[in-house]
Amino acid sequence: MTVFSATSPRSSGTNARMNAKTRARTHLVPIALTSVFAASAVALVAYLLWPTWNTGGADAPDKLPVSVGGTLFNLPISAIRMKIQRHSGPQERIDLDFLYPSLDAPTGPTHVTADTVDTAMQPIDRIFLSIAAHHDALSPEQRMATIYPRYLELSATAPEDGLTMRAFRSDTPYGSEDLFSADAPALAARCTRDASTPGMCLSERRVGGADLTFRFPRSWLSQWRDVAGAMDRLTTQLHGPKG
């Protein structure tokens, strides 16, 4: 006895086509999701790398509460150098700059045109500050007392009233630098020497769980008391009771 199939050739072909379309749609889903994720990633990177001098509308806050090493700082938004760091909450490190001597936050970049460009190097008009969690590393005071003396020349000079300079030996890790120190007001700074580029100074201090590293031109040491006072004021403004 012959048994006939209830499925006709036409219905079999229709089912095959439907299955093919279903499989095609199934393969398109992960491709579409991958495209969406890629586009989102590109948009995020573009947002973070977009020029940082536009800080928002009139209702945008002037300062951000930022925790570095568990220590709270209130930071002017326009002083934060990188847009990726312009958010409140905990951060491992944050970089800022302030106009000197006013200590105002910069309002935007300096625009240079073909008519105004000067071949001579422009003087630096700001003090740079990095705030980073120290994770119990040696404090700046400990380095001054125990590390730097091993590498210093024995002789010292006094280039400015109340300021002492000792050179690092040339066969040490700080061979191209000098150490400046003073007591009233307190100042300690490692400075590179003037060469093809002007020398720069680095001065550190610890606040809670964070180390503050100030950078400024060596030439400013001719008014070293003003520079020391500026760093004190900035520290108080950013971390003091009123932030």
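About the cut-offs
Residues numbered from 1 in each chain as written. Predicted model: local features only at pLDDT ≥ 70, side-chain atom pairs only at ≥ 80, totals over all residues. Heavy atoms only, no water. Pairing = 2+ DSSP bridges. Helix = DSSP H or I, 4+ residues; strand = E, 2+ residues; numbered from the N terminus. Axes fitted to C-alpha atoms, helices over the stretch in contact; angles between N-to-C directions. Contact = heavy atoms within 4.5 Å. Disulfide = S-S within 2.5 Å. Buried < 20%, exposed > 50% of the residue type's maximum accessible area, 1.4 Å probe, protein only. Salt bridge = Lys/Arg side-chain N within 4 Å of Asp/Glu carboxyl O. pLDDT = per-residue confidence, 0-100.

Draft legend 1. Local environment of the sheet that holds strand S1 (residues 63-68). Pairing in this open sheet of 3 strands is mixed, and the strands run S2-S1-S3 from one edge to the other. The open sheet terminates on both sides in strands that have one partner only, identified here as strand S2 (71-76) and strand S3 (89-91). Pairs of neighbouring strands in the sheet enclose a mean axial angle of 40°, with direction left out of account. Sheet topology places S1 next to S3; 3 bridges connect them, and they run parallel. Opposite Ser67, over in S3, you have Pro90 as the bridge partner. The strands that helix H3 (residues 224-239) touches are S1 and S2; relative to S2, the one it contacts most, it runs at about 105°.

Draft legend 2. Summary view of the state of the cysteines. Inspection of every chain in the model, using the stated rule, returns 1 disulfide. For Cys191, the disulfide goes to Cys201, at an S-S distance of 2.0 Å. The sign of the S-S torsion, about 110°, decides the handedness of the disulfide formed by Cys191 and Cys201: right-handed. Residue Cys191 is located in strand S9 (residues 187-192), and its partner Cys201 is located in strand S10 (residues 200-207); the two are separated by 10 residues in the primary sequence. In this pair, the class of Cys191 matches that of Cys201, namely buried.

Draft legend 3. Geometry of unusual backbone geometry. The step from Tyr100 to Pro101 runs through a cis peptide bond, and the omega angle for that step is 10°. Looking at the element boundaries, Pro101 is found in the loop between strand S4 (93-99) and strand S5 (126-133). In this model, Ala184 is joined to Pro185 through a cis peptide bond whose omega is -5°. One can find Pro185 in the loop between strand S8 (177-182) and S9. You will see that Leu103, though not glycine, has its phi angle at about 65°, which is positive. For His135, which is not a glycine, the phi torsion comes out positive at approximately 50°. Within the fold, His135 resides in the loop between S5 and helix H2 (140-147). A relative accessible area of 59% means that His135 is categorised as exposed.

Draft legend 4. View of the pattern of salt bridges. In this structure the tally under the stated criterion is 11 salt bridges. For Arg126, the salt bridge goes to Asp97, with nearest N and O atoms at 3.1 Å. Here Arg126 is found in strand S5, whereas its partner Asp97 is found in strand S4, with 29 residues between them in sequence. Accessibility expressed as a relative area gives 16% for Arg126, which makes it buried. Among the salt bridges present, the one from Arg218 reaches Asp178, with a minimum N-O distance of 2.9 Å. Highlighted residues: Arg218 in the loop between strand S11 (210-217) and H3 and Asp178 in strand S8, separated in sequence by 40 residues.

Draft legend 5. The arrangement of the pairing of S5 in detail. By the criterion of burial, S5 is predominantly enclosed, with 6 of the 8 residues buried. In terms of strand pairing, S4 meets S5 through 7 bridges, oriented antiparallel. Residue pairing in the sheet places Leu96 in a bridge with Leu129 of S5. Where S5 lies against S11, 6 bridges are found, and the strand directions are antiparallel. Counted as the bridge partner of Phe128 is Arg215 from S11.

Draft legend 6. Summary view of the confidence of the model for the protein chain. When the pLDDT values of the protein chain are averaged, the result is 82; 68% of them are 70 or greater. Contacts from residues 44-58, a stretch scored under 50 in pLDDT, to residues over four places away or in other chains number 16 contacts.

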